[in-house]
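So the chains spell out like this:
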2 protein chains.
Amino acid sequence: MRVVVIGGVAAGMSAASQAKRRSPDAEVVVLERGPYVSYGACGTPYNIEDPARMMEDLIAISAERFRTERRIDVRLGHAAVAIDAGAKRVEVEALDSGARSSLGYERLIIATGASAVRLPVPGAELDGIFTLRELTDGQALKRALAAPGVKRVAVIGGGYIGLEMCEVLRARGFEVTLIERQETVATGFDGGLARLVREELERGGVQVLTSVAVTGFERAGGTLRVLTGAGAVEADVALVAVGVRPNVALAREAGIALGATGAIATDDRLRTNLPDIFAAGDCAEAWHLVSERPAWIPLGTTANKQGKLAGAGAVGGDQRFPGVVGTSAFKVFGLEVGRTGLGVEEARRLGFDAFRSESKQPTRAGSYPGGSPAHTVLTVDGRTGRLLGAQQVAREGVPGRVNVLAMALTAKLTVDALAWLDLAYAPPFAPVYDPVLIAGAVAEKELAARRGG
Amino acid sequence: MRVVVIGGVAAGMSAASQAKRRSPDAEVVVLERGPYVSYGACGTPYNIEDPARMMEDLIAISAERFRTERRIDVRLGHAAVAIDAGAKRVEVEALDSGARSSLGYERLIIATGASAVRLPVPGAELDGIFTLRELTDGQALKRALAAPGVKRVAVIGGGYIGLEMCEVLRARGFEVTLIERQETVATGFDGGLARLVREELERGGVQVLTSVAVTGFERAGGTLRVLTGAGAVEADVALVAVGVRPNVALAREAGIALGATGAIATDDRLRTNLPDIFAAGDCAEAWHLVSERPAWIPLGTTANKQGKLAGAGAVGGDQRFPGVVGTSAFKVFGLEVGRTGLGVEEARRLGFDAFRSESKQPTRAGSYPGGSPAHTVLTVDGRTGRLLGAQQVAREGVPGRVNVLAMALTAKLTVDALAWLDLAYAPPFAPVYDPVLIAGAVAEKELAARRGG
């Protein structure tokens, strides 16, 4: 049996490895357009922070090791250009020569990932403008930053990649201007929490412009001018980090159904609508356990898990992917920022009678030095009291607390139950009432008030 | 209506506050033997670490403030010496004068806490030997440590208080010898994890003696000799931290039923077997959600919650205490140590076909500097695959991960489900597969092997 995997990063290599492990006699072929497989793109900002580190350090396992140690036929520089689902064949182009060939499959796994969005404005293709998605993007940006005379960087987009890069660039001594189209940075976060993030950026020396749209780019000698509705920002290098979109053209042209999100629709075994074709990772949807509908939340964690299950499924496994709750976190200077589940507006759009509950509780007991406030915002279902989402900003402990809240979403807990959880306490780690318990208790009180209780 | 609360620390003051808040017209009387109420005893070690801090800093709200701001009748230096449950009266002794009086109640809440165990050996009452439980204990020990010439401290007992004190005493420059009767330090922890704790103590300069029982104490001039089966340990001060036992004599003599653990038996509304008498905190049992039987796990977190519910129940509230899973954590030098649920031996004693699953995964992604291994041991039900308990030792993130595992116990998850949780990931916080996910995946594989899968 031949299993063909299109795409060799997180989902693709997880799928290929799992298929080969479960079915050692299967022939597993990975088609990867680029020069690298199996890299942790999430580490790119931190690799850029350290000029002594090679970007290739982000590669977990090289293509060569996949070939020799795992007997996976990894083909770098090879793009799948068409899928004939009826004939069960993939049309492949060797990108260096342009040569075409046809590759049959018994099972096909689509792991084509997502691409960085480029701004649709004049000058967007000028030199000195970068995106950050693939390993090669990271290499190009790191090289550009190392060029003599580069001092000013414009970061366009206040999502987590833009924010992580602000910190990294300041750590390397660059002058940094962050330009965000929306009113707040930290896309998708509660406005109150986003203000805390903005203040931290400014404390870190980042010039933050919000409600400012980029309208174009110009080059004036060595200087790049980022044109905005609020005037031009001069820079040596610009990083465009305004989001990603799923790479679905190949799948769509083959007749594979996309979901309402625009990503590839899959069932809980990562199967697409066409026989023997699976999809996994940033090109695919995942079931959202809170909204109870498909969602597209492209993250490495989900990509790895989906890939593993798609690879197992391709060789006969029957394990189901339980779904996601939309948990993510990032660090920006001294702040930790995390979220899980639905924001209030998002929940309302989905039809929930949702309300926002805000609370503040220190990260440590008063008897232990160094605590600071953890700011939590919960999204609560006003009808049932169920927790629908949570976001937190603090100087420590955010991933752990957000993960507890993610578990609460998975278990479909009400905010009342949240207030009575048996959580770990010691003065260095939390007050006797952990911020999660306080968030639950505050929300419960608000819920009772709304109910006239 | 008069509500009488016996004991004014965590459970007692939570109960009194909640009763008064819910029923402002009720008369709420708190009888406290000692000179202080409402202190966070867990902070005592860290208060001792800082010579500039007053032990009274641990008091959350003073007796005076309870009286004036909350209109709670706090009577310091007053001990309840007998309960007449038939007549609904408490016999009270004013400890300074010895005067007795009788106080009627409509509702009684017993929050008498627990007492430090003293070693039943010759010389146990000599000068220079301390326990650490009440605020006054902390004051006495701190004073003794400040005396001129005090350099050597023997800590007897390797539970969390003993271990926290080892760190604190080393931070203050004392020579510290830890004497533990059992084979390993970190009472109740897995042997493999306990070894990591021991190594950390030794790296921190603590002399660690295990499998060594204290047989007595002697004074030779200014020196205290701690006599053990392995010879004498010379010290200036000794701290006995060999556990606590619930203060139940008063309740027992009144005909209140104790549970199998020796603590006061309560139902899920914190009611004892006698009408209108509640019990909460370290003197009382709590329902254990994993073992599904009453447990006695005296911790401030549970005491606060139980007190709150007992106080509400006393004035007509009807909320149930869901129970505990036995979550706790402490810090010792650079290590964080946490647990939740049942250990393997404990689970087997309770009749589970339990097995131990060990795993190791870094705390951060390889792309981010400074990660180190998180060591996790799970207790797994071999019949059902259900998670029964978890312990973890690492240099960071332990409380958060243990709390996620505590939530998994609360939700009665199997280890397989654990492996697919949607947890937060960013390189500074975790690898793309969080240590919790890896622990679940490793346990699932072991479970399948045991089943011959």
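Residues numbered from 1 in each chain as written. Chains lettered and ligands numbered in written order. Predicted model: local features only at pLDDT ≥ 70, side-chain atom pairs only at ≥ 80, totals over all residues. Heavy atoms only, no water.

It is worth spelling out the sheet that holds strand β15 (residues 231-235) of chain A at this point. Strand pairing in a sheet relies on backbone hydrogen bonds. The paired strands run either parallel or antiparallel. Residues and elements named next belong to chain A. In space, the three strands of this open sheet follow the order β13-β14-β15, with antiparallel pairing throughout. The open sheet has two free edges, formed respectively by β13 (214-220) and β15, since each of these has just one partner strand. Between one strand axis and the next, the sheet turns by 25° as a mean value, whatever way the strands run. Here six bridges tie β13 to strand β14 (residues 223-228), and the two strands are oriented antiparallel to one another. Bridge pairing in β14 places glutamate 218 opposite arginine 225. (Pairing = 2+ DSSP bridges. Helix = DSSP H or I, 4+ residues; strand = E, 2+ residues; numbered from the N terminus. Axes fitted to C-alpha atoms, helices over the stretch in contact; angles between N-to-C directions.)

Attention now goes to the interface of chain B and chain A. The interface of chain B with chain A comprises 54 residues on the first partner and 54 residues on the second. For the pair chain B and chain A, the number of links is zero salt bridges. Of all the secondary-structure elements, those providing two or more residues to the side of chain B that touches chain A are α8 (300-314), β21 (328-332) and α10 (398-410) of chain B. In terms of residue count, the dominant contributor to the side of chain B that touches chain A is α10(B) (eight residues). Of the residues belonging to the side of chain B that touches chain A, the class tally is 31 nonpolar, 15 polar and eight charged. (Contact = heavy atoms within 4.5 Å. Salt bridge = Lys/Arg side-chain N within 4 Å of Asp/Glu carboxyl O. Nonpolar A, V, L, I, M, F, W, Y, C, P; charged D, E, K, R; others polar.)

Let us now look at the side chain of B:Thr228. Residue and element names in this part refer to chain B. Locating threonine 228 in the fold gives a position in strand β14 (residues 223-228). Looking at threonine 228, its side chain comes within polar contact range of the main-chain oxygen of glycine 231, at 2.5 Å. When residues no more than four places from it in sequence are discounted, the contact partners of threonine 228 are Ile179, Val212, Ala213, Val214, Thr215 and Val233. (Polar contact = N/O pair within 3.5 Å; in protein donor to acceptor, adjacent residues only side chain to side chain.)

Turning our attention to the confidence of the model for chain A. Scored by pLDDT, chain A comes out at a mean of 97, with 100% of its residues at no less than 70. Scored by ipTM, the complex comes to 0.96, with pTM at 0.97. (pLDDT = per-residue confidence, 0-100.)

Note that the two copies of the chain are related through a rotation about an axis and a translation along the same axis. For the pair chain B and chain A, the best superposition has an RMSD of 0.0 Å and corresponds to a rotation of 180° with a translation of 0.0 Å parallel to the axis. Those values place the two copies in the arrangement expected of a two-fold rotation axis. Across chain B, the rotation axis passes nearest the C-alpha of B:Gly400, at a separation of 1.8 Å. When you check the interface residues of chain B against chain A, 100% turn up at the interface there too, and the contact is symmetric in its surfaces. (Least-squares fit on C-alpha atoms with pLDDT ≥ 70 in both.)

Below, the discussion takes up the nonpolar core. Core analysis: the largest hydrophobic core is formed by 62 residues, its most contacted members being A:Leu378 and B:Leu378. Judged by nonpolar contacts, the second largest core, of 44 residues, contains B:Ile48, B:Ala144, B:Leu178 and B:Val206. (Core = buried A, V, L, I, M, F, W, Y, C linked by side-chain atoms within 4.5 Å. Buried < 20%, exposed > 50% of the residue type's maximum accessible area, 1.4 Å probe, protein only.)

On to the pattern of salt bridges, then. Residue and element names in this part refer to chain A. Using the criterion set out here, one finds 60 salt bridges over all chains in the structure. Of the charged contacts, one joins glutamate 218 and arginine 225 as a salt bridge, the two residues approaching to 3.3 Å between their closest N and O atoms. Residue classification places arginine 225 among the partly exposed residues on the basis of a relative accessible area of 26%.

As a further point, take the environment of B:Gly313. Residue and element names in this part refer to chain B. Here glycine 313 is to be found in helix α8. Residue glycine 313 is classed as buried on the basis of its relative accessible area of 15%. As a C-alpha pair, glycine 313 and glycine 231 span 82 residues in sequence and 53 Å in three-dimensional space.

Residue and element names in this part refer to chain A. In this model, helix α1 (residues 10-22) (13 residues) spans 18 Å end to end at C-alpha, consistent with the 18 Å of a helix rising 1.5 Å per residue. Of all 13 residues in α1, ten are buried; the element is thus mostly enclosed. Looking at α1, one finds that the buried residues are Ala11, Gly12, Met13, Ser14, Ala15, Ala16, Ser17, Gln18, Ala19 and Lys20. Those residues of α1 that are buried are in contact with β1 (2-6), β2 (27-32), α3 (63-70), β3 (73-76), β7 (107-110) and α8 (300-314). (Expected span 1.5 Å × (residues − 1).)

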